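# Architecture and fold: a report
Letter by letter, the chains look like this.
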Amino acid sequence: MNETEKLLQEIENVRKQMSEVALSKGITSLESIALSQELDRLLNIYNNEISKIHK
């Protein structure tokens, strides 16, 4: 598994975790917000990596 695939797997794991937390604790819970921020961070890394490949 290459680094991009690992990153995509981590993105999917955090996305699922965020969805579960949001459903159980609400989207405004501190845990949901923290997971959302982590997901944003991972997506930004992924987008940066993809744009390097396509340049």
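Below: a short report on this structure. All values derive from a computational prediction rather than experimental measurement.

Parameters and conventions
- Residues numbered from 1 in each chain as written.
- Predicted model: local features only at pLDDT ≥ 70, side-chain atom pairs only at ≥ 80, totals over all residues.
- Heavy atoms only, no water.
- Helix = DSSP H or I, 4+ residues; strand = E, 2+ residues; numbered from the N terminus.
- Expected span 1.5 Å × (residues − 1).
- Buried < 20%, exposed > 50% of the residue type's maximum accessible area, 1.4 Å probe, protein only.
- Contact = heavy atoms within 4.5 Å.
- Salt bridge = Lys/Arg side-chain N within 4 Å of Asp/Glu carboxyl O.
- Core = buried A, V, L, I, M, F, W, Y, C linked by side-chain atoms within 4.5 Å.

### Section: helix 2 (residues 30-53)
In this model helix 2 runs 35 Å from its N-terminal to its C-terminal C-alpha over 24 residues, within 8% of the 34 Å that 1.5 Å per residue would give. Looking only at helix 2, the buried set comprises Ser32, Leu35, Leu39 and Leu42. Buried positions along helix 2 lie against helix 1 (3-25).

### Side note on the pattern of salt bridges
Scanning the model with the defined rule gives five salt bridges in all. Note that Arg41 and Glu38 form a salt bridge whose closest N and O atoms lie 2.8 Å from each other. Of this pair, Arg41 and Glu38 both sit in helix 2, three residues apart, roughly one helical turn. Given the relative accessible area of 41%, Arg41 is considered partly exposed. For Glu38, a relative accessible area of 25% gives the class partly exposed. Lys52 is paired through a salt bridge with Glu49; the nearest N and O atoms lie 3.5 Å apart.

### Side note on the nonpolar core
Membership of the largest hydrophobic core is limited to eight residues, which are Leu7, Ile11, Val14, Met18, Val21, Leu35, Leu39 and Leu42. Elements supplying a minimum of two residues to this core: helix 1 and helix 2. It is helix 1 that contributes the most residues to this core, five residues altogether. Leaving out residues up to four positions away in the same chain, Val21 has contacts with Gly26, Ser29, Glu31, Ser32 and Leu35.

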